[in-house]
Amino acid sequence: MDVRNKEIGEIGEKNFLNEVFKIIDNNDENFVNGINQDSSILRINNEIMLVSNIDKAQTPVILSDKNYDTYKTWGYLSVTSSLSDISVVGAKGLSFLISITAPSNIHSEKILKIIKGAQEACKHYGISFLGGDTKKGNELSVVGAANGIIKGSNYLTRNSSNPSELIVCTGEFGKFATAYYKLLNSIELDKEEIEYITYPKFDIKQCEIVSNNLDLFSSSMDNSDGINNLLYKMFTENNLGFEIYLDSIPFSDNSRELAKLYSIPLENFAFYVGDWNSIFTISEENFLALEDRVNKHGLHIIGKVRDDSNIKEFHKHGETYSCLSDFENDSFISTTSNTEYFSEKILTRESILK
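From a predicted model like this one, the values you see are computed outputs, not experimental measurements. One numbering rule holds for all chains: residues counted from 1, following each sequence as written. Where local features are concerned, this predicted model is filtered to residues with pLDDT of at least 70; where side-chain atom pairs are given and counted, the filter is 80 or more; whole-chain, interface and lining totals use all residues. In computing side-chain properties, one takes all heavy atoms of the structure into account and sets aside hydrogens as well as water.

Chemist: Residues and numbers for the overall build of the chain, please.
Modeler: A count of helices and strands for the chain gives 11 helices and 12 strands. The globule rule used here is 2.2 Å times the number of residues to the 0.38 power, and the radius of gyration it is set against is calculated over C-alpha atoms. Whereas a compact globule of 354 residues would reach a radius of gyration of roughly 20 Å, the chain reaches 20 Å, a difference of no more than 12%. Counting only C-alpha atoms and orienting by the principal axes, one finds that the chain spans roughly 55 × 55 × 50 Å. Each residue gets one of three labels from its accessible area relative to the maximum for its type: buried under 20%, exposed over 50%, partly exposed in between, using a 1.4 Å probe on protein chains only. Within the chain, the fraction of its 354 residues that count as buried is 49%. Across the chain, contacts joining residues at least 24 apart in sequence account for 79% of those joining residues at least 6 apart. Here the accessible surface of atoms and residues is derived via Shrake-Rupley with a 1.4 Å probe, and residues count as covered only by protein chains that are part of the display. Counting only carbon and sulfur atoms, one obtains 45% of the accessible surface of the chain, whose full area is about 17400 Å². Numbering goes from the N terminus for both helices and strands, where a helix is a DSSP run of H or I of at least four residues and a strand is a run of E of at least two. We call two residues in contact when some of their heavy atoms are within 4.5 Å.

Chemist: Explain the sheet that holds strand β1 (residues 40–43) to me, and be specific about the residues and the numbers.
Modeler: Any two strands with at least two DSSP-identified bridges between them are counted as paired. Spatial strand order, β1-β2-β5-β3-β4: 5 strands in an open sheet with mixed pairing. Edge positions in the open sheet fall to β1 and β4 (128–136), since each of these has one partner strand only. Taken pair by pair, the neighbouring strands of this sheet meet at an average axis angle of 20°, ignoring direction. As defined by bridge partners, strand β3 (residues 92–102) adjoins β4 across 7 bridges and the pair is classed as parallel. Along β4, the bridge assignment pairs Thr101 with Lys135. To get an axis, a line is fitted to the C-alpha atoms, and for a helix only the part in contact is used. The angle between two axes follows their N-to-C directions and goes from 0 to 180 degrees. Along the sheet, helix α2 (residues 72–88) contacts β2 (48–56), β3 and β5 (141–151); its crossing angle with β5, the most-contacted strand, is approximately 35°. Of the strands in this sheet, β3, β4 and β5 touch helix α3 (residues 108–125), which is tilted by about 175° from β3.

Chemist: Would you mind going over the packing of α2 against α3 in detail, with residue names and values included?
Modeler: Contact geometry for α2 and α3: axes closest at 6 Å, N-to-C directions at 45°. Taken as axis vectors, α2 and α3 run oblique relative to one another. Between α2 and α3 lies a crossing whose hand is right-handed. Only Lys113, Ile114, Lys116, Gly117, Ala118, Glu120, Ala121, Cys122, His124 and Tyr125 of α3 make contact with α2, whose side of the interface consists of Lys72, Trp74, Gly75, Tyr76, Val79, Thr80 and Leu83. Amino acids are sorted into nonpolar (Ala, Val, Leu, Ile, Met, Phe, Trp, Tyr, Cys and Pro), charged (Asp, Glu, Lys and Arg) and polar (every other residue, Gly among them). For the contact of α2 with α3, a count of residues per class yields 9 nonpolar, 4 polar and 4 charged. Throughout this description, any angle smaller than 35 degrees is read as roughly parallel, any larger than 145 degrees as roughly antiparallel, any in the 65 to 115 degree range as roughly perpendicular, and the remainder as oblique. Throughout, a crossing is termed right-handed when the near helix is turned clockwise from the far one, and left-handed when it is turned anticlockwise from it by less than a right angle.

Chemist: If you had to explain the pairing of β1 to someone new, which residues and values would you point to?
Modeler: Two elements, β1 and β2, share 4 bridges in a ladder whose sense is antiparallel. Bridge assignment links Ser40 to a residue of β2, and that residue is Ser52. Connecting β1 to the next strand, β2, in antiparallel fashion are 4 residues.

Chemist: Before we move on, could you go through the side chain of His297 and cite the residues and values that matter?
Modeler: Relative to the helices and strands, His297 resides in the loop between α9 (284–293) and β10 (300–306). Given a relative accessible area of 7%, His297 falls into the buried group.

Chemist: Just give me the short version of a negative patch on the surface, but keep the residues and values in it.
Modeler: Residues Glu188, Asp190, Glu192, Asp253 and Glu257 make up a contiguous surface patch of negative charge. Topologically, Glu192 is positioned in helix α5 (residues 191–198). Think of a patch as exposed residues, more than 30% relative accessible area, with no salt bridge, where like charges cluster within 9 Å and nonpolar side chains (Val, Leu, Ile, Met, Phe, Trp, Tyr) cluster within 5 Å. Think of a salt bridge as a Lys or Arg side-chain nitrogen and an Asp or Glu carboxyl oxygen that are within 4 Å of each other. Positive: Lys, Arg. Negative: Asp, Glu. His and the chain ends are not part of the count. By convention, charge coordinates are those of NZ in Lys, CZ in Arg, CG in Asp, or CD in Glu.

Chemist: Requested: an account of the sheet that holds strand β6 (residues 166–169), with residues and values cited.
Modeler: Across the sheet, 7 strands lie side by side as β7-β9-β6-β10-β8-β11-β12; this open sheet has mixed pairing. At either end of the open sheet lies a strand with only one pairing partner, and these are β7 (217–222) and β12 (319–321). Adjacent strand axes in the sheet meet at a mean angle of 25°, parallel and antiparallel pairs treated alike. Here strand β8 (residues 241–245) pairs with strand β11 (residues 312–316) via 4 bridges, running parallel. Note on β11: the bridge partner recorded for Ile244 is Phe314.

Chemist: Residues and numbers for the packing of aromatic side chains, please.
Modeler: When two rings of Phe, Tyr or Trp (its six-membered ring) have centres within 6.5 Å they constitute a pair, described as stacked for plane angles under 30 degrees, edge-to-face for angles over 60, and tilted for the intermediate range. Evaluation of the coordinates by the stated rule reveals 13 aromatic pairs. On the numbers, 5.2 Å between centres and 70° between planes, the contact of Tyr76 with Tyr199 is edge-to-face. In this pair, Tyr76 is assigned in helix α2 and Tyr199 in the loop between α5 and α6 (204–211), connecting sequence segments 123 residues apart. Residue classification places Tyr76 among the buried residues on the basis of a relative accessible area of 4%.

Chemist: Tell me about α3, residues and numbers included.
Modeler: For a helix, the expected span equals 1.5 Å multiplied by the residue count minus one. With 18 residues, α3 should cover 26 Å at 1.5 Å per step; its first-to-last C-alpha distance of 26 Å lies within 8% of that length. All of the buried residues along α3 are Lys110, Ile111, Lys113, Ile114, Gly117, Ala118, Ala121, Cys122 and Tyr125. Elements that come into contact with the buried residues of α3 comprise α2, β3, β4, β5 and α6. Just downstream of α3 lies Gly126, where phi reads positive at about 75°.

Chemist: Quick one: what's the story with α6, residue by residue and with numbers?
Modeler: For α6, every residue scored as buried is listed here: Gln206, Cys207, Ile209, Val210 and Ser211. Lining the buried residues of α6 we find α2, β7, β9 (278–282) and α9. Contacts described as polar in this section are N or O atom pairs within 3.5 Å, which, within protein, must combine one atom able to donate a hydrogen with one able to accept it, while residues neighboring in sequence count only if both atoms come from side chains. The N-cap residue of α6 is Asp203: its side-chain oxygen and the backbone nitrogen of Lys205 are 3.1 Å apart.

Chemist: Give a detailed account of unusual backbone geometry, specifying residues and quantitative values.
Modeler: Across the chain, the bulk of peptide bonds are trans and the bulk of non-glycine residues have phi less than zero. The phi torsion at Asn239 lies on the positive side, around 60°, for a residue other than glycine. Within the fold, Asn239 resides in the loop between α7 (227–234) and β8. Look at Ser263: it is not a glycine, yet its phi comes out positive at around 55°. Considering the arrangement of structural elements, one finds Ser263 in the loop between α8 (253–261) and β9.

Quick look at the structure:
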C-alpha cells in the first residue's frame, strides 16, 4: 500500500508504522531490542541496560468537570501506562516524566491535579517523579515517559515465543469492563471498583517475579489493549498460533457476578480493554523450575503457543471456538479507538466466540 499521499486515519496505524520502520535506521548495536516493542532497550555497558517508554494516556472514563479531583486519575493512568510497558520487558522502574498539552482557557487546577496524580502514582510504584513539560495546544493531552534498568543481558520482547510454550498471565481479567459497564448503566460501584478506575495500577510484585527470573521466560506483552490485540501482535504477526483456555482465565469476582446477573458471556470480559495485567510465554520445564524458585508466583496458565499462525483457538467447556472480532487497537481510526466500540461489540449478551 502506498501510504505517502494518504491521511493517517485512512491508512491506519499498522500500515503507517510499517512505513516508519522502513525509514528508521536501526543500525545502532546498542539498541538491543529494536523498534515495535513495548519499550526500547539501550545497552549502557556489559552489566546494565536502560529501558525507556513514552506513551499517551487515554482520557479517563471518570473525568468530570464537576469534580476536579478526577483529573488526578489522568496523571495516575499516565504513570501506570508507561511503567507497565517498562516492567513487562523485565526492567525495574526508575523514573517518570510527564508532558501536558493544554488549551489556554483551561482551569489551572485541572493541570495541577494531573501532576499531583502522577506524583502519587510514582510514590506508589517507588520510582522518582522528575517533573516534565507543559505546552499550549488545541486540546488537553497527557504523555508519560518512564525509564528503568535491567541488570545483566536478559530481556523480553513480544516476538520471541516458541511453539509448545505455555501462555501465562499476571493479574485478573474483567475489572475495568465491569466498572465501565456499571458507569454506563448507572449501577453503583463498590469500593474496589472505584479504586481500580480512579487509581489504575498493575501488580508490580508479580512483574518483579518475572524480572528476577528473566532467564526462564521467552516473551511478553502488556495486555491493556485487550487479549485479541495482544494475541495478534505476539503470535499471529510472528507466524505462530495459539490456543487459549477460557476456563482457566482468572476473571475477577465482580466480573463473574456481573456476567451472571446481566447474562453477559463471561468470556467477553477477556477481550475488553483496560485490564492492567501482562502476558508471558515460558516452557513447561521452566515453569516447573520457576515453581521451585518461588513458592507463590501468582502466574496463571491460560494457553499454549502453536506452530501454525492459522491456529487461533479458544477452548471453553471442552469445545473449540474462534473469535468473531478481528479487532486490532488502532490509535488513528476513531471507530475502533473509541471506548464505545467495545461496549457495543463486547458488553452484550452475544458471545464474542463463534
